[in-house]
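# Secondary and tertiary structure notes
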Amino acid sequence: MGLDLRLPARIIPMGRRSVTGRVIVRGKAIGCESNLEHDFLVRLAMDPTVADVLEQPVTIPYVDMKGRRSRYTPDFLVRYVCSRQTLWEVKFADEIKTERKRLKARLIAGRSFAAEHGLRFRLTTERLIRAPDFKNLTFLRGFLENHEEPVVEAAILAAIRREGTSTPRQAIDTAFSNDADRQAAIAPLWRLVANGIVIADLMHPLTMTSPISARDP
């Protein structure tokens, strides 16, 4: 069934007590209310399986632990390229432990709503959001929207494919013969990695000597 991703159900307020901001994901500025939500959006921006995102997507009525009527708004609705939609709740692990009783009714309501509407419901914490690959994702995000440079990138890919497995430094040195061209090729190479055209192990720090390979055309 799915939900409409055009308008949020709740507008994030601007205030001194909360950290608010926006992250560009698939050409849209998505609002967030904490540093952890910001980092979650960075991860979504770097995930090629993500097609669209909406913050504060739907408000769900529920009864809290004291029997009072209340409302709950999940943090994000994510539509994936396979058309599957998932409601995401973002929380610090310590908050889940200390607020377990208060959160329980909300999470049950979220899961029930998702099941009724053909969605998935997921809870995530900093343990997954800020996994070892996160520093690399943050670094590569700066190259994600760079303009394509077809001639330079084709030369880099040809050099990598000739070697099978290469490194950024080796690929650039093979593709270009002078220092100016080699320096200018660094950003296009990282753009290729950011867009998944060149493959690297993001669970280890990216350097100019990291192993890389070219994705099959």
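Look up: the structure comes first, before these words.
Quick caveat: nothing in here was measured; it's all calculated off a predicted structure.

A word on helix α3 (residues 100-116). Here α3 spans 24 Å end to end across 17 residues, near enough to the 24 Å set by a 1.5 Å rise per residue. Within the span of α3, buried status applies to Leu 103, Ala 105, Leu 107, Ala 109, Gly 110, Phe 113 and Ala 114. Note on α3: the residue one or two positions beyond its end, Gly 118, has a positive phi of about 70°.

Once that is clear, we can look at the pattern of salt bridges. A complete count under the given rule lists twelve salt bridges for this structure. Taking the shortest distance from any N to any O, the salt bridge between Asp 64 and Arg 68 comes out at 3.0 Å. The exposure class of Asp 64 is buried, given its relative accessible area of 16%. Its relative accessible area of 48% is what places Arg 68 among the partly exposed residues. Among the salt bridges present, the one from Arg 182 reaches Asp 173, with a minimum N-O distance of 3.4 Å.

Ordered by their spatial adjacency, four strands build an open sheet running β3-β6-β7-β8, and the pairing between neighbours is mixed. Because the sheet does not close on itself, it has two edges, and the strands there are β3 (50-55) and β8 (120-124). The average undirected angle you get between the axes of adjacent strands in this sheet is 25°. The pairing of strand β7 (residues 85-90) with β8 spans five bridges and is parallel. Residue pairing for β8: Trp 88 is matched across the bridge by Arg 122. Contacting β7 and β8, α3 crosses the sheet at an angle of about 150° to β8.

Rules used in this analysis
- Residues numbered from 1 in each chain as written.
- Predicted model: local features only at pLDDT ≥ 70, side-chain atom pairs only at ≥ 80, totals over all residues.
- Heavy atoms only, no water.
- Helix = DSSP H or I, 4+ residues; strand = E, 2+ residues; numbered from the N terminus.
- Expected span 1.5 Å × (residues − 1).
- Buried < 20%, exposed > 50% of the residue type's maximum accessible area, 1.4 Å probe, protein only.
- Salt bridge = Lys/Arg side-chain N within 4 Å of Asp/Glu carboxyl O.
- Pairing = 2+ DSSP bridges.
- Axes fitted to C-alpha atoms, helices over the stretch in contact; angles between N-to-C directions.
- Contact = heavy atoms within 4.5 Å.

Any functional reading would require information that these geometric values do not contain.
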